Amino acid sequence: MRVLIRGAGVAGLTVAHELAGKGIAVEVTETSSRPGGGASWFAGGMLAPWCERESAPETVLTLGRKSADWWEAALPGHVVRKGTLVVAPPRDTAELNRFAARTSNFGWLDGEETGALEPDLAGRFRKALFFRNEAHLDPRRAITGLSGRLAAMGVVFHFGAAPDFPGAGFDHIVDCTGASSIGQTVDLRGVRGEMLMLETPDVTLLRPVRLLHPRIPLYIVPRGDGRFMVGATMIESDDRGPISARSLMELLNAAYALHPAFGEARVVETGAGVRPSYPDNLPRFSADGGIIRINGMYRHGFLLAPSVAQDVAAHIVSSSKTNAARPANSFDPILVNPRRYENPIGASR
């Protein structure tokens with residue numbers, strides 16, 4: 001069996017890994033000159049299903065619980081399992097209580113315990129939530145490492161490929177082109193996310209820290225060597241332009257609120273990506289003959305891509321076995337949207 005995957009972002013690479021691991025011949029096309037040319041390059045890389053439950057349906061928690069294990073198995077040593085710390089200024093304690101009411105699997109910390117966990121935040125926050133079982137990774141290192149591993153497994157990459165790279169001769173084509181389908185797919189919209197990278201030797205964080213604020217919740221993820229990824233806005237827009245002045249100011253102000261030393265940090269990078277999203281903010285895949293389309297990762301790309309990839313790979317293997325037993329030209333188009341991707345009616349948010 002031969003499968004062509006369009007798109008070398010997190011969705012395409014995780015599907016390629018699942019298929020190649022089953023001995024299937026895989027080729028991946030990417031219009032960019034490198035893997036992760038879209039929104040995946042600007043992701044936070046937080047494998048935080050319990051924190052995401054604050055604003056996401058139960059499905060995200062259910063599908064995301066084993067994500068860190070998948071990434072660790074695929075890329076040993078890339079996953080950092082030190083949990084997530086959630087803090088809020090004293091004036092926004094109500095935000096911390098609200099966050100706690102909508103999540104689970106955390107512990108309350110007082111100011112002294114918070115300082116013991118993150119020494120550079122000692123004396124800055126009276127209360128905090130600690131999600132011990134969460135993890136994170138560096139998305140750029142993960143994308144680069146996974147593409148390298150796939151090449152070693154025999155996956156063929158075509159970078160700088162035309163969008164209409166010929167699919168003749170392949171048994172299945174898996175479309176993982178994400179935001180390029182906005183405007184062409186019913187109900188798919190763009191959600192713009194902006195980020196910046198700060199560099200300072202004066203702050204050390206051991207894990208992702210989320211700072212709650214009524215207007216713009218912030219997360220800061222340590223990247224090593226004194227660098228910190230700061231994000232992320234969620235703007236209903238498919239604008240792929242540079243970060244806006246307003247977003248830059250708000251992110252910088254929030255970083256300063258977490259620790260004043262960020263006021264002297266160097267801004268070494270800014271960026272923006274468009275995350276394709278369906279109305280329920282959950283991913284889905286559909287199949288029509290040999291063409292499979294995956295989309296709608298929203299802000300959960302690295303968290304949910306492994307689960308989606310496993311389901312897509314299982315579908316391809318299953319459909320191929322079924323087709324082998326059918327007469328020629330008897331395959332009927334189907335829509336695949338497993339109920340576990342749906343937000344159950346009446347589920348709490």
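Residues numbered from 1 in each chain as written. Predicted model: local features only at pLDDT ≥ 70, side-chain atom pairs only at ≥ 80, totals over all residues. Heavy atoms only, no water.

(A) Here's a closer look at the pattern of salt bridges. Counted under the stated rule, the structure contains 17 salt bridges. Arg-140 serves as the salt-bridge partner of Glu-269, at 2.7 Å between the closest nitrogen and oxygen. Of this pair, Glu-269 sits in strand E14 (residues 266-277) while Arg-140 sits in helix H7 (residues 139-152), placing them 129 residues apart in sequence. For Arg-140, a relative accessible area of 19% puts it in the buried group. (Salt bridge = Lys/Arg side-chain N within 4 Å of Asp/Glu carboxyl O. Helix = DSSP H or I, 4+ residues; strand = E, 2+ residues; numbered from the N terminus. Buried < 20%, exposed > 50% of the residue type's maximum accessible area, 1.4 Å probe, protein only.)

(B) Focus on the nonpolar core. Counting 43 residues, the largest nonpolar core has Ile-5, Leu-19, Trp-71, Val-174 and Ile-294 as the members making the most contacts within it. When contributions to this core are tallied by element, the ones reaching two or more residues are strand E1 (2-6), helix H1 (10-20), strand E2 (25-30), helix H4 (67-74), H7, strand E15 (284-288), strand E16 (291-295) and helix H9 (301-324). Leaving out residues up to four positions away in the same chain, Ile-294 has contacts with Val-15, Val-174, Asp-175, Cys-176, Arg-284, Phe-285, Val-308 and Val-312. Counting residues in each nonpolar core, the second largest holds 27 residues, with Leu-85, Ala-128, Leu-196 and Leu-251 among its members. (Core = buried A, V, L, I, M, F, W, Y, C linked by side-chain atoms within 4.5 Å. Contact = heavy atoms within 4.5 Å.)

(C) The pairing of strand E10 (residues 189-199), seen in detail. Burial within E10 is extensive, with 9 of its 11 residues counted as buried. Relative to E14, E10 runs antiparallel, the two being bridged by 11 bridges. Considered in E14, the bridge of Val-191 is made with Arg-275. As judged from the 4 bridges shared by E10 and strand E13 (residues 227-231), these two strands associate in the antiparallel manner. Across the sheet, residue Glu-199 finds its bridge partner in E13, namely Arg-227. (Pairing = 2+ DSSP bridges.)

(D) Examining the environment of Val-80 more closely. The topology assignment puts Val-80 in the loop between H4 and strand E4 (84-87). Separated by 33 residues in the primary sequence, Val-80 and Leu-47 have C-alpha atoms spaced 9.5 Å apart. Beyond its immediate chain neighbours, meaning those up to four positions away, Val-80 contacts Ala-135 and His-136.

(E) Looking closely at the packing of H1 against H4. It is at 12 Å that the axes of H1 and H4 come closest, and there the two elements cross at 65°. Relative to H4, H1 is oriented roughly perpendicular. The hand of the H1/H4 crossing is left-handed. Along the contact surface, H1 presents Val-10, Thr-14, His-17 and Glu-18, while H4 presents Trp-70, Trp-71 and Ala-74. A per-class count over the contact of H1 with H4 returns 4 nonpolar, 2 polar and 1 charged. (Axes fitted to C-alpha atoms, helices over the stretch in contact; angles between N-to-C directions. Parallel < 35°, antiparallel > 145°, perpendicular 65-115°, else oblique. Left-handed = near helix turned anticlockwise from the far one by under 90°. Nonpolar A, V, L, I, M, F, W, Y, C, P; charged D, E, K, R; others polar.)

(F) Inspection of the side chain of Ser-181 at higher detail. Structurally, Ser-181 is set in the loop between strand E9 (172-175) and E10. The class of Ser-181 is buried, set by a relative accessible area of 11%.

(G) Structural context of helix H8 (residues 245-258). Helix length check: H8, at 14 residues, gives a terminal C-alpha distance of 20 Å against a target of 20 Å (1.5 Å per residue), a fit within 8%. Taken residue by residue, H8 has Ser-247, Glu-250, Leu-251, Ala-254, Ala-255 and Leu-258 as its buried positions. What you see down the axis of H8 is that its buried residues fit within an arc of 135°, all on one side. Seen from the open side of H8, the exposed residues pointing more than 90 degrees away from its buried face are Ala-245, Arg-246, Met-249 and Asn-253. The inward-facing, buried residues of H8 contact E4, E10, strand E11 (209-211), strand E12 (218-224) and E13. (Expected span 1.5 Å × (residues − 1). Arc of directions from axis to C-beta.)

(H) A look at the sheet that holds E4. Read from one edge to the other, the open sheet built from 8 strands follows the order E5-E6-E4-E11-E12-E13-E10-E14, with strand pairing classed as mixed. Two strands bound the open sheet, and with one partner strand each, they are strand E5 (107-110) and E14. Direction aside, neighbouring strands of the sheet carry axes that sit 25° apart on average. With 3 bridges connecting them, E4 and E11 associate as parallel partners. Looking at E11, one finds that Leu-85 is bridged to Val-209.

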